[in-house]
Amino acid sequence: MIKEIVVYPDRRLKLVSKEVEIFDSSLHTLLDDMYETMIAKNGVGLASIQIGIAQRVLIINVPVKSENEDVEIQSFENTLEVINPKFLEQTGSTTYTEGCLSVPEVFEEVDRYKYVKIEYQDRFGDIHLIEDDEFLSIALQHEIEHLNGHLFIEKFSYIKRKKFEKEWKKRAKKS
Ligand code: CO
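Presented here is a report on the structure given in the accompanying data block.

About the thresholds
- Residues numbered from 1 in each chain as written.
- Predicted model: local features only at pLDDT ≥ 70, side-chain atom pairs only at ≥ 80, totals over all residues.
- Heavy atoms only, no water.
- Donors = N, O, S within 2.8 Å, 3.2 Å for Na, K, Ca; no water.
- Helix = DSSP H or I, 4+ residues; strand = E, 2+ residues; numbered from the N terminus.
- Buried < 20%, exposed > 50% of the residue type's maximum accessible area, 1.4 Å probe, protein only.
- Contact = heavy atoms within 4.5 Å.
- 1 Å grid on protein atoms, 1.4 Å probe; cavity = no way out; pocket = protein on both sides within 12 Å on 5 of 7 lines; lining within 4 Å.
- Points joined across faces, edges and corners; volume = space filled by probe spheres on them.
- Nonpolar A, V, L, I, M, F, W, Y, C, P; charged D, E, K, R; others polar.

## Section: the coordination of the cobalt ion
Under perfect tetrahedral coordination by four donors, a metal shows angles of 109.5 degrees; under perfect octahedral coordination by six donors, it shows angles of 90 or 180 degrees.
Stage number 1. Each protein donor to the cobalt ion is listed here as C100 (SG), H142 (NE2) and H146 (NE2); together their distances run 2.1 to 2.2 Å.
Stage number 2. Taken in chain order, the donor set of the cobalt ion reads C-x41-H-x3-H. Here H142 lies in helix α2 (residues 135-147) and C100 lies in strand β6 (residues 94-100), a separation of 42 residues in the sequence.
Stage number 3. C100 gets classed as buried once you look at its relative accessible area, which sits at 10%.

## A few points about the side chain of H28
Stage number 1. Mapping H28 onto the fold places it in helix α1 (residues 25-40).
Stage number 2. Not counting residues within four places of it along the chain, the set of residues in contact with H28 comprises F23, R123 and F124.

## Some thoughts on the layout of surface pockets
Stage number 1. Each pocket or cavity is described by its volume, and for the largest pocket that value is around 400 Å³.
Stage number 2. Considering the residues around the largest pocket, the lining is formed by 22 residues, among which V44, E98, G99, C100 and F107 are closest to the centre.
Stage number 3. Those elements that provide at least two residues to the lining of the largest pocket are β6, β7 (103-112) and α2.
Stage number 4. Its residues assigned to classes, the lining of the largest pocket comprises eleven nonpolar, seven polar and four charged.

Structure below.
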């Protein structure tokens with residue numbers, strides 16, 4: 001089921017999400033709803049707090065190039081489901097232009113670690129390791145930030161953040 005996205009400055013986005021302890025059908029329904037919502041909103045990643053559920057659950061759609069290299073395929077098969085992630089390593093640095101479904105139409109460069117290594121559980125509770133130093137690394141850092149009650153806009157410089165808040169208020173008045 002497609003869910004409504006929790007949008008900034010909703011205070012729920014500041015909640016620290018709780019560890020998942022039971023890997024049952026309600027977790028699977030949550031993951032399926034998150035997938036449908038992410039696809040419907042054209043997102044590449046989603047944390048469960050973004051649909052109002054404060055659990056340490058996130059999904060990332062890892063783009064896979066098709067054979068002719070022109071189209072990026074989005075499918076359930078290349079969606080990574082990450083539960084209870086823990087950083088084992090974070091090294092290097094990079095900048096990446098990010099956006100967020102909870103802060104729509106805002107795209108800004110933020111600083112991130114280049115390489116991350118993470119331990120996480122899948123929807124059945126099995127433990128996996130993943131490491132990356134490209135898109136997936138950035139996406140994991142962005143989504144795990146949501147689980148800890150933080151947003152990418154907090155990484156803006158003071159001036160960029162001021163400008164963002166001003167424009168955001170202006171936009172809120174219009175709608
Ligand atoms: Co986000």
